[in-house]
Amino acid sequence: MVFEKQASASSHALNPPLLPREDTPLLGKGGSRPLSSQPKTFANVFIAIVGAGVLGLPYSFKRTGWITSLVMIFLVAFLSYHCMMLLVYTRRKLESLTGFYKISSFGDLGFVVCGSIGRVVVDVMIVLSQAGFCIGYLIFIANTLANLYFESTFLGLPAKALYIWGCFPFQLGLNSIKTLTHLAPLSIFADVVDLGAIGVVMVKDLGIIVKKIPNVRAFGGPSVFFYGMGVAVYAFEGVGMVLPLESETKDKAKFGRVLLISMIFIAMIYGGFGALGYFAFEEDVKDIITANLGKGLISTLVQLGLCINLFFTFPLMMNPVYEVVERRFRGGNYCIWSRWLLVLVVSLIALLVPNFTDFLSLVGSSVCCGLGFVLPALFHLMVFKEELGWIGWSSDMGIVVLGIVLGASGTWSSLSEIFSMKV
């Protein structure tokens, strides 16, 4: 750990530099803000975790079997909760030491524990995960619009490519905005649309299930285990928001309980949504469950709402990528060309990935396992190594090893699916 940097860190808190440096917190103090009550903290956790990834769960249930998927979801929910709390405990320990500045983000924690290399690792993983989310958004938008309106080629371009390139110039404009404050209210719209879509799909599923006896598989076999784990890890990704959320909580002593209740509630929604979708459409369930709803008025409105939601969420999710890139390569200065280049790269990758849920599994395995499991346990072990008994040490090391194994195996499994390889 970088305990020898206490004095310099303290001096930065008193005299912050004009431009971001390696040891400058990503999130400033920004003055006093009203703290969140327990219900608001619950809502914030829900908003931070639940997103469009839930729409790929029924397909994952089909691939891995419904009992296997349910076990995976609750296992990943518990591991995610545990690792989020490891970050909270690590931050509290470091801030209790004299001379440490306020640790506001995951990257700040990485710097305090491991120095520059810690922040670099966290930054790289955040860039990859956020960009991965945005690639998934473009895949969802293109596949959904192709399913609704136009599935054939036009001027030699497949429908998916046509919709992605159609979004491209508008995304260049949206991502050129320096401050996204005016787009922030759209996050509320996004959450309303997500919840509405979940509700509509579950009602439709129930209407189908009551008319027949589902013919479904309980277990999918070991060959798809890591694939399903990758999707589940992606669905619960939100570890980067846990430190800001805990900072804004009024009663910090009860934050862990609120977080646990939130994760159990989300796991129950995920489990119910995935199981109902699979039971309703069985082996015909598609990688995006809304594609199974047909082209009625309500289902069309839901799918269009989700596309609009993700279209405007794209620049919000890319903003952390721009912050990292501009801090590291542009001295913290705004650069429109680097933003446009990043949007182009994300769009090109989206063109190459055919299946929405396959890509969720890839991002969940390759990046989210590292962010959600490996780094929190590793940082906790490094800070508490003198205080942990053999049980605590074994627990942290076990999570690190588990995260690495899940990440490596899941990445290979997902790439095999994407490239249609037989492993």
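Taking an unreviewed UniProt entry as the reference, the chain is identified by name as Amino acid transporter transmembrane domain-containing protein belonging to Trapa incisa. Database annotation for the chain, UniProt heading Subcellular location (unreviewed entry): "Membrane".

Examining the side chain of Ser-338
With respect to the helices, strands and loops of the structure, Ser-338 is situated in helix H13 (residues 336–352). Residue classification places Ser-338 among the buried residues on the basis of a relative accessible area of 16%. Discounting chain neighbours no more than four positions away, the residues touching Ser-338 are Val-325 and Glu-326.

Quick word on the nonpolar core
Judged by nonpolar contacts, the single largest core of 121 residues is most densely connected at Phe-236, Leu-259, Tyr-270 and Phe-373. Element by element, the count of residues in this core is highest for helix H14 (residues 356–384), at 16 residues. Not counting chain neighbours up to four residues away, the residues in contact with Leu-259 comprise Val-45, Tyr-81, Met-84, Met-85 and Val-242.

Considering helix H11 (residues 255–281)
With 27 residues, H11 should cover 39 Å at 1.5 Å per step; its first-to-last C-alpha distance of 39 Å lies within 8% of that length. In the segment just after H11, Glu-282 is the residue with positive phi, at about 50°.

Focus: the confidence of the model for the chain
With 86% of its residues at a pLDDT of 70 or more, the chain shows a mean pLDDT of 80. Element-level mean pLDDT values for the chain span from 35 in helix H1 (residues 6–14) up to 92 in H13. When the criterion is pLDDT under 50, residues 1–31 qualifies, and its contacts beyond four places in sequence or with other chains add up to 55 contacts.

Rules behind the numbers
Residues numbered from 1 in each chain as written. Predicted model: local features only at pLDDT ≥ 70, side-chain atom pairs only at ≥ 80, totals over all residues. Heavy atoms only, no water. UniProt positions renumbered as here; feature names shortened; annotations may be inferred. Helix = DSSP H or I, 4+ residues; strand = E, 2+ residues; numbered from the N terminus. Buried < 20%, exposed > 50% of the residue type's maximum accessible area, 1.4 Å probe, protein only. Contact = heavy atoms within 4.5 Å. Core = buried A, V, L, I, M, F, W, Y, C linked by side-chain atoms within 4.5 Å. Expected span 1.5 Å × (residues − 1). pLDDT = per-residue confidence, 0-100.

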